[in-house]
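Structural overview
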Amino acid sequence: MVLCALNRQLLRSSSSCCVFMARLQTSSRRRRCLYSSTHGFNQEETRQKLRAFPGGSVDLLKQDSGVAVLTINNPARMNAFSGSMMVDLEEKVSQLESWTEGKGLVVRGAAETFCSGSDLNAVRAISSPQDGMKMCMFMQDALTRLLRLPLVSVALVEGRALGGGAELTTACDFRLMAPGSVIQFVHKHIGLVPGWGGAARLVRIVGSQNALKLLGGAVKVDPERGLYVGLADGVLEADGDAPSAGTPLQQAEDWLRRYTEGPVPVIQAVKKVVLAGRELPLLEALQTEKEVFGTVWGAPANLRALASKSKHK
Ligand SMILES: CCCC(=O)SCCNC(=O)CCNC(=O)[C@H](O)C(C)(C)COP(=O)(O)OP(=O)(O)OC[C@H]1O[C@@H](n2cnc3c(N)ncnc32)[C@H](O)[C@@H]1OP(=O)(O)O
């Protein structure tokens, strides 16, 4: 009886694991959106609405090293997200989904500050609950897909990451903070809670106790506190303290290198198994791990390593 139940569970998890694997596959076709018409969501219609609030851009630079740089670019508004930038972000995520040679991603803001969240002018203009929900679903989809990319990603936080900007940092695998930088979930101060998936992700990163403190108190998280609560994974050298360390972007790329060094299929496989463990119940995560394992076992990188009889001293 117990075995039957276990078999049934395995069968169920095996089919949902296949769905998860299919979602993980890097392909040139556009991904299925997190929300659909059953949720009252039409992605194309929302895109059109968001484009009515122009300004700034989200820029993508794919490098031969396999590490891309995504820049939130609206310095006149402390890199706040206009509507057209939300559309830009989703398009850049689509481009990264089909980047077969990619291994890593740095997400940063232009002009030495990260991002001050939603453009408050757009927020005021689309303050109806229906439009707010559409923007929320659009950004949840874009940021969930950003975190699910088979790339190891890091948010390079200089200056401030406020509101939606703080949420964006949680859509990366890691966060590096520059001296003097601040991550702050200011939502409570403007009568909101995170809506871009930031609360759900924050709980997974720092635990529910710390998440409640950071959201409930709209706490300013500086690098020291960031390391303490586990929101930050590293702190950059201050400008001038160690000139040889390079610019913040160079430091972030150097920091990321230890995770992106190696063959593309292996790096992508590492990210996929961690993602499965992060998002799926145990049985489904195990199934996915098996599928991903099957893609690297006996593959060229594996055979080369075996032939070289490498030692791990
Ligand atoms: C679900 C998403 C929820 C959200 O993200 S809601 C948005 C949350 N973010 C905020 O409330 C940030 C509000 N802004 C601020 O607190 C301050 O501007 C900030 C970022 C601390 C910078 O302060 P300062 O260094 O004194 O600079 P400043 O205030 O003069 O700002 C320079 C220019 O940038 C503008 N700005 C900053 N954040 C903005 C935003 N989110 N939307 C629209 N415009 C924004 C600000 O209005 C100012 O423009 P201007 O020079 O007056 O034309």
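Please read all numbers here as calculations on a predicted model, not as lab measurements.

**Notes on the sheet that holds strand β6 (residues 174-177)**
- Read across the open sheet, the six strands follow the order β1-β2-β3-β4-β6-β9; overall the sheet is mixed. At either end of the open sheet lies a strand with only one pairing partner, and these are β1 (57-62) and β9 (234-235).
- Taken together, the four bridges between strand β3 (residues 104-109) and strand β4 (residues 152-157) define a ladder with parallel strand orientation. Looking at β4, one finds that Val107 is bridged to Ala155.
- Packing against the sheet, helix α3 (residues 83-97) makes contact with β1, β2 (67-73) and β3, and its axis sits at approximately 20 degrees to β1.

**Quick word on the packing of aromatic side chains**
- For the structure shown, the criterion picks out six aromatic pairs.
- Taking 5.4 Å as the distance between ring centres and 35 degrees as the angle between the ring planes, the aromatic pair formed by Phe293 and Trp297 counts as tilted.
- Relative accessible area serves as the criterion here: at 48%, Phe293 is assigned to the partly exposed category.
- Grouped by ring-pair contacts, the aromatic residues Phe174, Trp255 and Tyr259 constitute a single cluster.

**Focus: the sheet that holds strand β8 (residues 220-221)**
- Ordered in space as β5-β7-β8, the three strands form an open sheet in which the pairing is mixed. Each edge of the sheet is formed by a strand with only one pairing partner; in this case those strands are β5 (160-162) and β8.
- Sheet topology places β5 next to strand β7 (residues 182-184); three bridges connect them, and they run parallel. Looking at β7, one finds that Ala161 is bridged to Ile183.

**Considerations on helix α5 (residues 129-148)**
- With 20 residues, α5 extends 28 Å from end C-alpha to end C-alpha; this agrees with the ideal 28 Å at 1.5 Å per step.
- Along α5, 14 of the 20 residues are buried, which leaves the element largely enclosed by surrounding structure.

**Observations regarding a negative patch on the surface**
- On the surface, Glu112, Glu237, Asp239 and Asp241 cluster together into a negatively charged patch.
- Taking the relative accessible area as the measure of exposure, Asp241 reaches 60% and is therefore exposed.

**Looking at the nonpolar core**
- If you look at the biggest cluster of nonpolar residues, it comprises 49 residues, and the most contacted ones within it are Phe81, Leu89, Leu105, Leu146, Ile183 and Leu231.
- Of all the secondary-structure elements, those providing two or more residues to this core are β2, α3, β3, α5, β4, α6 (164-169) and α7 (198-216).
- Per element, the largest residue contribution to this core is seven residues, and it comes from α5.
- The residues contacting Phe81, other than those within four sequence positions of it, are Val58, Ile72, Met86, Leu89, Cys115, Gly117, Ser118, Asp119, Met139, Leu168 and Trp196.
- In terms of nonpolar packing, the next biggest core, distinct from the first, is built from 15 residues, Val152, Phe174, Leu236 and Ala252 among them.

**Quick notes on the environment of Thr38**
- Looking at the secondary structure, you find Thr38 in the loop between α1 (2-24) and α2 (43-51).
- A C-alpha to C-alpha distance of 37 Å links Thr38 and Pro75, two positions 37 residues apart in sequence.
- A polar atom in the side chain of Thr38 sits 2.8 Å from the side chain of Ser36.

Reading the values: rules and limits
- Residues numbered from 1 in each chain as written.
- Predicted model: local features only at pLDDT ≥ 70, side-chain atom pairs only at ≥ 80, totals over all residues.
- Heavy atoms only, no water.
- Pairing = 2+ DSSP bridges.
- Helix = DSSP H or I, 4+ residues; strand = E, 2+ residues; numbered from the N terminus.
- Contact = heavy atoms within 4.5 Å.
- Axes fitted to C-alpha atoms, helices over the stretch in contact; angles between N-to-C directions.
- Phe/Tyr/Trp six-rings, centres within 6.5 Å; stacked < 30°, edge-to-face > 60°.
- Buried < 20%, exposed > 50% of the residue type's maximum accessible area, 1.4 Å probe, protein only.
- Expected span 1.5 Å × (residues − 1).
- Patch = residues over 30% accessible without salt bridge, like charges linked within 9 Å, V, L, I, M, F, W, Y side chains within 5 Å.
- Areas by Shrake-Rupley, 256 points an atom, 1.4 Å probe, with all protein chains shown as cover.
- Salt bridge = Lys/Arg side-chain N within 4 Å of Asp/Glu carboxyl O.
- Lys, Arg positive; Asp, Glu negative; His and termini not counted.
- Charge placed at Lys NZ, Arg CZ, Asp CG, Glu CD.
- Core = buried A, V, L, I, M, F, W, Y, C linked by side-chain atoms within 4.5 Å.
- Polar contact = N/O pair within 3.5 Å; in protein donor to acceptor, adjacent residues only side chain to side chain.

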